[in-house]
Amino acid sequence: MSHLLEQRKSLDDALKQAENQVKGFQEKLAWVQGQISQIPEQIPLSSSASEQGIVGGAKNNLLSLQLKEQELLNKYTENNPHVQSIRKEMELINQFIKEQESQVSRSVSTGKNPLYLEMEMQLFHTQADLVSAEAQSGVIKQQIAEVDKELNRLRNLGPELDELRRQVTADERNYINYLTKVGKTPPQDYQIQVGDQLDIKFFFNPELNETVLVRPDGRIALQLVGEITVVGHTVEQIRAMLIKTYSGQLKNPEVAVLLRSTNVPGEDSGTTAAEGNFVGK
């Protein structure tokens, strides 16, 4: 549940970011649509290059004739046939230019406004970004729904888990009580001494069960964790110490610590026969 709750928080952050992107693209789309509605889609285009070239050539020709006319007037009068011929030709060219310019003005076509085209491209890109952001938001919402479904399933398992924990606690208590009868029950404040013999029993990991002797250095050696100092501690203190020590190695480090025999004069040793019956079970 902790992992799912962390995942749920990350998804919430991602959804918020995606929804902000969706909102941003929606606002941009509305702005582009407003701008494009104010721009004319079609505008007049320039006349064709060929038509402009014809008119330009005629004007150049007219200019040449005008220069030639000036040369002739330097030699002849205005009534001279050569001058009259050039003027007639100039008149025809002038008429041709006027006709061509009139035709060009009538043949000017319209086309899509470049500014409108640019805004139209922005519109397409914004729509694509909006669709992508909405799709991402939808995927995140689906993931959140799946996480919520799993969280609800785990929450519904809560009563069953609590019942199992109660059963484990009861079983552990019965198990420890049984082991206490098998071993030797010391006074509650008895402190372990050198030469005492301890039974270390693991409820969920019986393969680690051991009977150990407290060495002269006050320590015992155990599987997985190595050397542990026990002299001067009560059985319950040693049990708490082992649970903490084994918590890094075992998922359920439930331990029972029993005083099998003591080195104190006058104290009786625990019965080994009872322990043998327990192992046989």
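Being a predicted model, the structure only gives us computed values, none of them experimental. Each chain has its residues counted from 1, following the order in which its sequence is written. Residue-level local features of this predicted model are given only where pLDDT is at least 70; pairs of side-chain atoms are given and counted only at 80 or more, and the full residue set underlies all totals for whole chains, interfaces and linings. Note that the side-chain values use all heavy atoms of the structure and ignore hydrogens as well as water.

K.L.:
Would you explain the UniProt feature "coiled-coil region" (unreviewed entry) in the chain in this entry?
P.N.:
UniProt's entry tags residues 1-35 with the feature "coiled-coil region" (unreviewed entry), counted in the numbering of this structure. The distance from the first to the last C-alpha atom of residues 1-35 is 50 Å, and the span holds 97% helix and 0% strand. UniProt positions are given in the numbering used here, feature names are shortened, and annotations may be inferred rather than shown by experiment. Counting from the N terminus, the helices are the DSSP runs of H or I reaching at least four residues and the strands are the DSSP runs of E reaching at least two.

K.L.:
I'm lost on the environment of Val194 in this one. Help?
P.N.:
Relative to the helices and strands, Val194 resides in the loop between helix H5 (158-182) and strand S3 (197-202). Burial classes follow relative accessibility: with a 1.4 Å probe on protein chains only, a residue under 20% of its type's maximum area counts as buried, one over 50% as exposed, and anything between as partly exposed. Val194 gets classed as partly exposed once you look at its relative accessible area, which sits at 33%. Each C-alpha atom, one on Val194 and one on Asp217, is 7.7 Å from the other, the two residues being 23 residues apart in sequence. Contact between two residues is taken to exist if any of their heavy atoms lie within 4.5 Å; hydrogens are not considered. Among residues more than four places away in sequence, those in contact with Val194 are Val214, Arg215, Pro216, Gly218, Val231 and Asn263.

K.L.:
Which parts of the structure should I look at to understand the pairing of strand S6 (residues 226-229)?
P.N.:
The side chains of a regular strand alternate between both faces of the sheet. Pairing analysis gives four bridges linking strand S5 (residues 219-222) to S6, with the strands arranged antiparallel. What sits directly across from Arg219, in S6, is Thr229. In short, DSSP must find at least two bridges between two strands for them to pair.

K.L.:
Mind showing me how you'd approach helix H4 (residues 114-156) here?
P.N.:
Think of an α-helix as turning once every 3.6 residues; residues three or four places apart then point the same way. Expected span of a helix: the number of residues minus one, times 1.5 Å. Relative to the 63 Å expected for 43 residues at 1.5 Å per residue, H4 spans 63 Å between its end C-alpha atoms, a close match to the ideal helical length. Turning to H4, its buried residues number three or more, namely Tyr116, Met119, Glu120, Leu123, Thr126, Leu130, Ala133, Ser137, Ile140, Ile144, Val147 and Leu151.

K.L.:
Looking at this structure, how should I read the sheet that holds S3?
P.N.:
In a beta sheet, neighbouring strands are held together by backbone hydrogen bonds and run either parallel or antiparallel to one another. Strand order in the open sheet formed by three strands is S4-S3-S7, and the pairing between neighbours is antiparallel. For this open sheet the edge positions go to strand S4 (210-213) and strand S7 (255-261), each flanked by a neighbour on one side alone. In this sheet, neighbouring strand axes are inclined to one another by 25° on average, regardless of whether the strands run parallel or antiparallel. In this structure, S3 lies alongside S4, joined through four bridges in antiparallel fashion. Bridging across to S4, Gln197 finds its partner in Leu213. To get an axis, a line is fitted to the C-alpha atoms, and for a helix only the part in contact is used. The angle between two axes follows their N-to-C directions and goes from 0 to 180 degrees. Helix H6 (residues 235-246) contacts S3 and S7 of the sheet and is inclined by roughly 140° relative to S7.

K.L.:
Any chance you could explain the pattern of salt bridges here in plain terms?
P.N.:
Here the idea is simple: oppositely charged side chains can pair when their charged atoms come close. By definition, a salt bridge exists where a carboxyl oxygen of Asp or Glu is found within 4 Å of a side-chain nitrogen of Lys or Arg. Scanning all chains against the criterion turns up 13 salt bridges. A salt bridge links Asp12 to Arg8; its shortest N-O distance comes to 2.3 Å. Within this pair, Asp12 and its partner Arg8 are both found in helix H1 (residues 2-36), separated by four residues, close to a single helical turn. For Glu69, the salt bridge identified is with Arg87, shortest N-O distance 2.6 Å. One end of the pair, Glu69, is in helix H2 (residues 49-73); the other, Arg87, is in helix H3 (residues 81-107), with 18 residues separating them in the sequence.

K.L.:
Just to check I follow, could you spell out the pairing of S3 for this structure?
P.N.:
Within S3, five of the six residues are buried, which leaves it mostly tucked inside the rest of the structure. When S3 meets S7, the two strands line up antiparallel, connected through six bridges. Each residue of the ladder has a partner; that of Gln197, found in S7, is Ser261.

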